[in-house]
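Close look at the chain arrangement
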Amino acid sequence: MVTFIAVPFVAFVTKVYSKFYDKISENLQQTIADANNMAEEVISTMRTVRSFACEKREQKRFENLLSSTLSVNRKRALAYMGYTWNNEFCDNAILIAVLAYGGHLVLTGKMGKEQLITFLLYQMQLGENLYNLSYVMSGLMEAVGASRKVFNLMNRKPQFELDGVKKPHVNGNITFSHVGFTYPTRPNNPVLKDLTLNIKAGETVALVGPSGGGKSSIVSLIEHFYEPNEGTITLDGMHIKDINHIYYHQKVALVAQEPVLYNGSVRHNILYGCDFATEDDMLNAAKMANVHGFVMELEKGYDTNCGEKGVQMSGGQKQRIAIARALVRNPAVLILDEATSALDTESESLVQQALSRCAQERTVIIIAHRLSTIEKASKIAVIVKGQLVQMGAHDELMLDTDGMYYSLVSRQMLNAKVGDE
Ligand SMILES: Nc1ncnc2c1ncn2[C@@H]1O[C@H](COP(=O)(O)OP(=O)(O)OP(=O)(O)O)[C@@H](O)[C@H]1O
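Residues numbered from 1 in each chain as written. Predicted model: local features only at pLDDT ≥ 70, side-chain atom pairs only at ≥ 80, totals over all residues. Heavy atoms only, no water.

Moving on, we come to empty space enclosed by the protein. This model, assessed by the stated rule, comprises one cavity of 30 Å³ or more. The volume enclosed by the largest cavity comes to roughly 60 Å³. Lining the largest cavity are Leu162, Asp163, Gly164, His224, Ile240, Lys241, Ile243, Asn244, His245, Tyr248 and His249. Grouping the amino acids of the lining of the largest cavity by side-chain chemistry returns four nonpolar, five polar and two charged. (1 Å grid on protein atoms, 1.4 Å probe; cavity = no way out; pocket = protein on both sides within 12 Å on 5 of 7 lines; lining within 4 Å. Points joined across faces, edges and corners; volume = space filled by probe spheres on them. Nonpolar A, V, L, I, M, F, W, Y, C, P; charged D, E, K, R; others polar.)

Here the largest pocket is characterised by a volume of approximately 580 Å³. Residue lining of the largest pocket: 21 residues in total, with Glu223, His249, Leu254, Tyr272 and Arg329 positioned closest to the centre. Contributions of two or more residues to the lining of the largest pocket are made by helix H6 (245-251), strand E6 (252-255) and helix H10 (315-327). Here the lining of the largest pocket is composed, by residue class, of 13 nonpolar, four polar and four charged. (Helix = DSSP H or I, 4+ residues; strand = E, 2+ residues; numbered from the N terminus.)

A separate point is the site of the ligand. In the region of the ligand, 15 residues are neighbours, and Ser211, Gly212, Lys215, Ser216 and Ser217 sit closest. Here a nitrogen atom of the ligand sits 3.5 Å away from a polar atom, N or O, in the side chain of threonine 185. A distance of 2.5 Å separates an oxygen atom of the ligand from a polar side-chain atom of serine 217. Protein burial of the ligand: of its 630 Å² of free accessible surface, 69% is covered by the chains. With three residues, helix H5 (residues 215-222) is the single largest residue contributor to the shell around the ligand. Residues of the shell around the ligand, tallied by class, amount to four nonpolar, nine polar and two charged. (Near = heavy atom within 4 Å. Polar contact = N/O pair within 3.5 Å; in protein donor to acceptor, adjacent residues only side chain to side chain. Areas by Shrake-Rupley, 256 points an atom, 1.4 Å probe, with all protein chains shown as cover.)

What the domain assignment reports for the protein is domain 1 (7-154) and domain 2 (174-420). A straight line from the C-alpha centre of domain 1 to that of domain 2 covers 55 Å. (Domains from an automatic or database assignment.)

So, about the environment of aspartate 91. Along the chain, aspartate 91 falls in helix H3 (residues 55-107). Overall, the relative accessible area of 27% leaves aspartate 91 in the partly exposed class. The spacing of aspartate 91 and alanine 322 is 231 residues in sequence and 69 Å in space, taken between C-alpha atoms. (Buried < 20%, exposed > 50% of the residue type's maximum accessible area, 1.4 Å probe, protein only.)

Before going further, it helps to examine the sheet that holds strand E9 (residues 379-384). The six strands are arranged E6-E7-E8-E3-E9-E10 in an open sheet whose pairing can be described as mixed. Looking at the sheet topology across the chains shown, the edges are occupied by E6 and strand E10 (387-392). On average, adjacent strands in this sheet sit at an angle of 20 degrees to one another, irrespective of strand direction. Along the sheet, H10 contacts E6 and strand E7 (333-337); its crossing angle with E6, the most-contacted strand, is approximately 180 degrees. (Pairing = 2+ DSSP bridges. Axes fitted to C-alpha atoms, helices over the stretch in contact; angles between N-to-C directions. Contact = heavy atoms within 4.5 Å.)

Read across the sheet, four strands follow the order E2-E1-E4-E5 without closing on themselves; strand pairing throughout is antiparallel. Each end of this open sheet is capped by a strand with a single partner; those strands are strand E2 (190-199) and strand E5 (238-239). Sheet analysis places strand E4 (residues 230-235) next to E5, joined by two bridges and oriented antiparallel. Bridge pairing links leucine 235 to methionine 238 in E5. Across the sheet, H5 lies against strand E1 (174-182), E2 and E4, angled at about 115 degrees from E1, the strand it touches most.

Not every positive phi belongs to a glycine, and aspartate 194 is a case in point at roughly 45 degrees. Assignment of secondary structure puts aspartate 194 in strand E2. Positioned with a positive phi, histidine 224 is a non-glycine residue whose angle comes to about 60 degrees. Locating histidine 224 in the fold gives a position in the loop between H5 and E4.

Of all six residues in E9, five are buried, a share of seventy percent or more. Pairing between strand E3 (residues 204-208) and E9: four bridges, direction parallel. Across the sheet, residue valine 208 finds its bridge partner in E9, namely valine 382. The pairing of E9 with E10 spans five bridges and is antiparallel. Following the sheet pairing, valine 384 is matched in E10 by glutamine 387. The turn joining E9 and E10, which pair antiparallel and follow one another in sequence, is formed by two residues; a positive phi near 45 degrees is taken by lysine 385.

This part takes up the pairing of E4. Relative to E4, E1 is paired through five bridges, and the arrangement is antiparallel. Residue pairing across strands places threonine 175 opposite threonine 234, the latter belonging to E4.

What follows is the structure, given as structure tokens:
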């Protein structure tokens, strides 16, 4: 009876402690994750940090995050210390109580000395095991706190499934029908409003318009990075969400505004995700995208490493490799989002020639701020504040002197003239 007198108290303290320790372990994981995220972000953008001389500022920011980790760790250590002290105290208090009460029983002749010593030995063993349980409890609570985050991530459901199964023959007709779109992170800022746009197979369509108008968002929707909130997007009359994800991206290839290369050879980067292409396909795509010339001048040719995020390549070289990566798939729809903006005039005209050659067999969607690069497009779609305000060939649109396209071209020509002077 005396041995178990402290059990309700210890049980209560353990319950409170487990709850607190679980919560604090989760906080600790969060602060460690924040510090690691920050370190990763800064290390991967080291050139920007250095060019703005922000090393000390970033160091301070990292120190602050580490201080938060330290402070949470300190609280956790204090909680653990309190819990251990409490257990030790209860353990010793019970021992004293047993000795006092057992001693009284022995002195009054109600119990033998041997019996008391045997009881004490058993009781001490039991106490030690209960004490060890407290260690297990701390470890367990730490694991529970950490695993909650892991399970939350594992159980996350995608907002939309990539479960399309159809593999239709693709000609390259893309239709936006009354599409409305808002980014999930900014639900109150509609980006596209009731947009209807028809891009016919084999056409080269340029999307132009003021910055922030929604051109790249149109590309993101064609790439099926997001689902529209209203309306439909179809490829040859079929909802793009019904088409098999891998098949779709073999047929629709993108050269993004900021091409990302991986740490690997030029060959690996061109053939990325394209297991069916042969070495000859890779060479053809590289020649078409004007990659072959500069790669042949490198000591290791196509085995040259591009570095992490392509850091060992120039901006123009990265863009050309990204164009080759898109072309090697022989896509039915090729999307170029500012794909030649980092090229010098000579490389750009060579790549433009190559792109016009490829454009003959496929649908091409181009976004370019330099309007001179899109003059030859079959159609130009002017997108302003998420809406299509004009569509037609360059000459046709230039006739409308009150139109947005005319004013965009005039402004650029004026800027070019001022630049020349
Ligand atoms: N991932 C995103 N999350 C939230 N809002 C975004 C996101 N990407 C773009 N936006 C917002 O959507 C709007 C349209 O951006 P978008 O990049 O489509 O314009 P754009 O016409 O391509 O511009 P630019 O010519 O400058 O590249 C902008 O107001 C932009 O701030």
